[in-house]
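Geometric and topological summary
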Amino acid sequence: MIPLHEGWTLRALPGPQVPAGIADRAVPATVPGCVHTDLLSAGLIPDPYLDDNETRLAWIGRTDWVYETTFDRPSGDHQRLDLVCAGLDTVATVTLNGVEVGRTENMHRGYRFDVTALLRATENRLAIRFDSAYRYAEAHRDRLGDRPNAYPEPFPFIRKMACNFGWDWGPTLVTAGIWREIGLHGWSTARLATVRPLITVDGGHGRVDLHVEVERAADRPLRVRATVGGTGAEARIEAGERTAVLALTVRDAELWWPRGYGDQPRYALDVVLDDGDGAVLDTWSRRIGFRSVRIDTTPDAHGAPFALHVNDVPVFVRGANWIPDDVFPTRITRDRLARRFDQAADANVNLLRVWGGGRYESEDFYDLADERGLLVQQDFLFACAAYPEEEPFAGEVAAEAAEQVVRLAPHPSLVLWTGNNENIWGWHDWDWQEPLAGRTWGRGYYLDLLPRTVADLDPTRPYWPGSPWSGSEQIHPNDPAYGTTHIWDVWNTDDYTKYRAYVPRFVAEFGWQAPPAYATLRRVLSDEPLAPDSPGMAHHQKATDGDRKLRRGIEAHLPPPRDFADWHYHTQLTQARAIQVGVEHFRAHRDRCAGTIVWQLNDCWPVTSWSAVDGDGRRKPLWYALRRAYADRLLTVQPHDGGLALVAVNETGEPWRVTATVTRLTLAGEPRAKAAVELAVPAYSSGVRALAAELARPDEPRAELLLAETDEETGRALWFFAEDRDVMWPAAEYDATVEPAGGGLRVRVTARTILRDLTLFPDRLDPAAEVDEALVTLLPGESATFTVRAAGPLDAAALTTHPVLRCVND
């Protein structure tokens, strides 16, 4: 394809909402891109991520926009020249040399238009008008009747990224533009219209059933050839025919495995279409992996599981939910995705769930997942709303789903398609049925159209109608004993210790909020001083009653914050502890619970949210807690039959013999009781050992703790008998040294008293600074070493004192 990415201009069509000086003014446009980023580059709007600028840019989504460029006809003797638009956002009218060539109304599809007869030798003028997404959606809403949804926005009435319209973690920035590649494709005789490999494993051999469909410009015999792993096949497509199926077998194929289970070998699959006499007409190439995948939902004594098996090995899912990494997709580069994937893998995450209010993720995303062994669950794009099933939406959804299922079929990392996010649950529990009054709400998509599409086009992968979903319309969709579960009462109304009241089969969402890193706040907010309720902080908190819920979480566990620095540390600490409590509890029940997917890994902008990595890419304390809780081998103390138990969880392929010393001791480090505990834990299993009463029952709960430790790298497990707010903490005392180390600094802290959840926040001194560890509890006499990387020198005294160096009892 010949790209058409140069020479574009953008202008706003006049309207009362358009600011003076912008209407009908042509500005340079970057393609791929969008209106917001072009206006920002031209200096015509402020950065929408800063302060409350977002609110002053609502007019953009209610404005019509025109992109224009000129180009010369490409050289060459082509029977066909097609204008190929990989992605238009969203309601577009495409004209070439004054002639309309097509209209689009779906951000999630590609389009191809035959423009052969319209092209002239030079100065071809291409214009794409984008009508207001709001006007389009509101017109369909008024025509079809409103539907319930989680936010007062019309996103169910347009096939566009739903979170553009705002979410409880995202801004309302309704985009428009040429958001993916655009260009001319010249071809003759025939081209490969679709190539759909169905990749399976049979008896240790890899098999590819390759379904090929061609588009013709001439009716003559064709030949399609394919090679993979040293084997090849070919087929003739006779005149008048358009399809062929080729079967290829790679004997003793190396299997593709999730990270932590094996390697990720991939094979080049190459397809060539020729005219039957050897003249090449078109080619297609992808890298594929051979692996099997299934979901075990066989009913048992506890309900029905939801257990992922890859290559017939059960995989405990240690997952995180993924949202778009930026509101403006073209700012998400492959390097940026790679950094985010590194952060996921380094936190021991093995699956990313691509949430249904965003997008079908990019080729870069899936290629990185294939390369690194990160499993992917991809939602179809429906979230938190009742969706109309009338036209034009039924046809658009069918075309979109077919295109995306075929596009993603080569990727071994994709292990599950999911029909929607929370919509079936919403129909049951969110008071939708009365206002719907019998109108469509999406059931036909989730239980008919989408499963048929996956079964027809890619039966190698499982489909699940929703998240959450119990597996049956006769069972409540969010029943923890069946299928997948979302746990949100904990964040919304309850204390995080309530996670221990659940023994779900699979937790697909649960989370707790915290603000972003301090450096991120200082970059995006001009508030002086920063406060939990200062204007910028309030604007960057999108969740209903979010600050009250944060306060509730602190009050249940921690001393009252004295200032913003305390509040910031305490909220981030509470988030980390909440998720660690949940993950360790669920993993301790891995005999019934087959996985957890934390909400959420990332953010699309700087905001107080449930993320482990904030909108500027900085790791919150939650990230470090997740790395610990998701470790391959986990040692944890858990409530058990009215007492306590030591639980060892082994997510490796080797048996684990645990020899632990469990000690009940005072805050001063004085032992009160001690015992050796041994567990033999098979591969991919867990072991539980109840602790004796002398260990589990303290003499003075406010002044004692339990410590379980081994000589291995698995670290240790702690249990405090009282909440931090009630503990008789000594004032924190420690010695600290700072010395250069390999381009960074090594900070060594030696405790003179107990130091609870010791954490360094070097970004307070240098926004580029990062630290390798956090949330370390030290007993008197113990030491911890932190490695800090920064762009420049750091003040050693500031690095080792409040508010950069923090602990609960400081």
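Our subject is the structure that appears above.
What you see is a predicted model; the values in this text were computed from it and never measured.

**Side note on the overall build of the protein**
Assigned secondary structure in the protein consists of 16 helices and 46 strands. A compact globule built from 810 residues should have a C-alpha radius of gyration of about 28 Å, and the protein, at 28 Å, falls within 12% of that. For the protein, the spread of C-alpha atoms along the principal axes amounts to about 90 × 70 × 60 Å. Within the span of the protein, comprising 810 residues, buried residues form 60% of the whole. Partitioning the intrachain contacts of the protein with sequence separation of at least 6 by distance along the chain shows that 69% fall at a separation of at least 24. With the model as given, the accessible surface of the protein reaches about 29,600 Å², and the carbon-plus-sulfur share is 48%. Here the protein contributes 86 positive and 116 negative side-chain charges, whose respective centroids are spaced 0 Å apart.

**Remarks on unusual backbone geometry**
Across the junction of valine 31 and proline 32, the peptide omega takes the value -5 degrees, indicating a cis bond. Cis geometry is found at the peptide bond from glutamate 528 to proline 529, where omega equals -5 degrees. Along the chain, the position of proline 529 falls in the loop between α10 (518-524) and α11 (535-539). Phi is positive for asparagine 97, which is not a glycine, with a value near 55 degrees. Phi angles above zero are rare outside glycine, and asparagine 348 is one such case at about 65 degrees. Positionally, asparagine 348 belongs in the loop between α3 (334-346) and β26 (351-354).

**Concerning the packing of aromatic side chains**
For the structure shown, the criterion picks out 44 aromatic pairs. Seen from their ring centres, tyrosine 67 and phenylalanine 130 are 5.7 Å apart, and the 80 degrees between their planes marks the pair as edge-to-face. In this pair, tyrosine 67 sits in strand β4 (residues 65-71) while phenylalanine 130 sits in strand β10 (residues 124-130), placing the two residues 63 residues apart along the sequence. According to the relative accessible area criterion, phenylalanine 130 is buried, its value standing at 0%. Ring centres of phenylalanine 380 and tryptophan 417 lie 4.5 Å apart, and the angle between their planes is 20 degrees; on these two criteria the pair is classed as stacked. Note that phenylalanine 380 is positioned in the loop between β27 (375-379) and α5 (393-408) and tryptophan 417 in strand β28 (residues 414-418), a separation of 37 residues in sequence. With relative accessibility at 0%, the residue phenylalanine 380 sits in the buried group. An aromatic cluster is present here, built from Tyr151, Phe155, Trp167, Trp169, Trp355 and Trp599 joined pairwise through their rings. The ring of tryptophan 179 has arginine 180 sitting right over it, with the charged end atom 5.9 Å from the ring centre.

**Concerning the sheet that holds strand β44 (residues 776-778)**
If you walk across this open sheet you meet the three strands as β44-β42-β46, and the pairing is antiparallel. The open sheet terminates on both sides in strands that have one partner only, identified here as β44 and β46 (805-806). For strand β42 (residues 755-760) and β44, the ladder comprises two bridges, and the chain directions are antiparallel. Each residue of the ladder has a partner; that of leucine 758, found in β44, is valine 776. Packed onto the sheet, helix α13 (residues 564-588) meets β42 and β46 and runs at close to 105 degrees relative to β42.

**Some words on the layout of surface pockets**
Within this model, the largest pocket holds a volume of roughly 1,800 Å³. Lining of the largest pocket is provided by 47 residues; of these, Ala86, Arg180, Arg286, Glu403 and Arg407 occupy positions nearest its centre. Elements supplying a minimum of two residues to the lining of the largest pocket: β5 (80-85), β9 (111-114), β15 (190-202), β16 (205-216), β19 (243-250), β21 (280-288), α4 (363-372) and α5. Its residues placed into classes, the lining of the largest pocket shows 22 nonpolar, ten polar and 15 charged. Approximately 1,300 Å³ is the volume found for the second largest pocket. Together, 42 residues line the second largest pocket, and Gln580, Glu584, Arg628, Arg716 and Leu718 are the ones closest to its centre.

**Observations concerning the side chain of arginine 336**
Its location among the elements puts arginine 336 in helix α3. Within the structure, arginine 336 has its side chain in polar contact with the side chain of aspartate 326 (distance 3.2 Å). If sequence neighbours within four positions are ignored, arginine 336 has contacts with Asp325, Asp326 and Arg331.

**Let's talk about the sheet that holds strand β36 (residues 671-681)**
Strand order in this open sheet of four strands is β36-β35-β38-β39, and the pairing throughout is antiparallel. This sheet does not close on itself; its edge strands, each paired only once, are β36 and β39 (716-720). Averaged over all adjacent pairs, the angle separating strand axes in this sheet is 15 degrees, with direction ignored. Here strand β35 (residues 656-666) pairs with strand β38 (residues 704-709) via six bridges, running antiparallel. Each bridged residue has a counterpart across the sheet, and for threonine 663 the counterpart in β38 is leucine 707.

**A word on empty space enclosed by the protein**
In total, this model carries six cavities of 30 Å³ or more according to the counting rule given. Empty space within the largest cavity amounts to approximately 70 Å³. Considering the residues around the largest cavity, the lining is formed by Ala86, Met107, His108, Arg109, Trp179, Arg180, Arg359, Tyr360, Glu361, Gln404 and Arg407. Residue composition of the lining of the largest cavity, grouped by class: four nonpolar, two polar and five charged.

**As for the environment of aspartate 168**
The topology assignment puts aspartate 168 in the loop between β11 (165-167) and β12 (170-172). Not counting chain neighbours up to four residues away, the residues in contact with aspartate 168 comprise Tyr151, Gln513, Lys542, Ala543 and Trp610. One polar contact links aspartate 168 to tryptophan 169, side chain to side chain, over a distance of 3.5 Å.

**Quick look at the nonpolar core**
Ranked by internal contacts, the top residues of the largest apolar core, which has 175 residues, are Trp167, Leu308, Leu352, Phe380 and Tyr445. A total of ten residues in this core trace back to one element, the largest contributor, which is α13. Look past the residues within four positions of leucine 352 in its chain and what remains in contact with it is Ala320, Trp322, Phe341, Ala344, Phe365, Leu374, Leu375, Val376, Gln377 and Leu601. Ile22, Cys85, Val101 and Ile182 belong to the second largest nonpolar core, which has 37 residues in total.

**Regarding the side chain of aspartate 82**
With respect to the helices and strands, the residue aspartate 82 is situated in strand β5. A relative accessible area of 0% places aspartate 82 in the buried class. Apart from the residues lying within four places of it in its own chain, the contact partners of aspartate 82 are Arg112, Phe113, Asp114, Val115, Gly183, Leu184, His185, Trp187 and Arg191.

**Comments concerning the state of the cysteines**
Within this structure, the stated rule accounts for zero disulfides. Between cysteine 34, a free cysteine, and cysteine 163, which holds the nearest cysteine sulfur, the sulfur-to-sulfur gap is 13 Å. What makes cysteine 34 buried here is its relative accessible area of 5%.

**Focus on the pairing of strand β22 (residues 293-296)**
Burial of the side chains of β22 is restricted to one face: Val293 and Ile295 are buried, whereas none of Arg294 and Asp296 on the reverse face is. When β22 meets strand β23 (residues 307-310), the two strands line up antiparallel, connected through four bridges. Considered in β23, the bridge of valine 293 is made with valine 310.

**Section: the packing of α3 against α4**
α4 packs onto α3 with a crossing angle of 40 degrees between their chain directions and a minimal axis gap of 10 Å. Classed by the angle they form, the pair α3 and α4 counts as oblique. Every pair of crossing elements has a handedness; the one defined by α3 and α4 is right-handed. The residues of α4 that touch α3, namely those facing Arg334, Leu337, Ala338, Phe341 and Asp342, are Asp364, Phe365, Asp367, Leu368, Ala369, Glu371 and Arg372. Partitioned by chemical class, the residues of the contact of α3 with α4 number six nonpolar, no polar and six charged.

**Observations regarding the packing of α5 against helix α8 (residues 443-457)**
Helix-helix packing: each pair is described by the crossing angle between the helix axes and the interaxial distance. Running from amino to carboxyl end, α5 crosses α8 at an angle of 35 degrees, the nearest separation of the two axes being 10 Å. Between α5 and α8 lies a crossing whose hand is right-handed. Here α5 contributes Phe393, Ala394, Val397, Ala398, Ala401, Ala402, Val405 and Val406 to the contact with α8, which in turn contributes Tyr445, Leu449, Leu450, Thr453, Val454 and Leu457. By residue class, the composition of the contact of α5 with α8 is 13 nonpolar, one polar and no charged.

Criteria and thresholds
- Residues numbered from 1 in each chain as written.
- Predicted model: local features only at pLDDT ≥ 70, side-chain atom pairs only at ≥ 80, totals over all residues.
- Heavy atoms only, no water.
- Helix = DSSP H or I, 4+ residues; strand = E, 2+ residues; numbered from the N terminus.
- Rg over C-alpha atoms; globule rule 2.2 N^0.38 Å.
- Buried < 20%, exposed > 50% of the residue type's maximum accessible area, 1.4 Å probe, protein only.
- Contact = heavy atoms within 4.5 Å.
- Areas by Shrake-Rupley, 256 points an atom, 1.4 Å probe, with all protein chains shown as cover.
- Lys, Arg positive; Asp, Glu negative; His and termini not counted.
- Charge placed at Lys NZ, Arg CZ, Asp CG, Glu CD.
- Phe/Tyr/Trp six-rings, centres within 6.5 Å; stacked < 30°, edge-to-face > 60°.
- Lys NZ or Arg CZ within 6 Å of the ring centre and 35° of its normal.
- Pairing = 2+ DSSP bridges.
- Axes fitted to C-alpha atoms, helices over the stretch in contact; angles between N-to-C directions.
- 1 Å grid on protein atoms, 1.4 Å probe; cavity = no way out; pocket = protein on both sides within 12 Å on 5 of 7 lines; lining within 4 Å.
- Points joined across faces, edges and corners; volume = space filled by probe spheres on them.
- Nonpolar A, V, L, I, M, F, W, Y, C, P; charged D, E, K, R; others polar.
- Polar contact = N/O pair within 3.5 Å; in protein donor to acceptor, adjacent residues only side chain to side chain.
- Core = buried A, V, L, I, M, F, W, Y, C linked by side-chain atoms within 4.5 Å.
- Disulfide = S-S within 2.5 Å.
- Parallel < 35°, antiparallel > 145°, perpendicular 65-115°, else oblique.
- Left-handed = near helix turned anticlockwise from the far one by under 90°.

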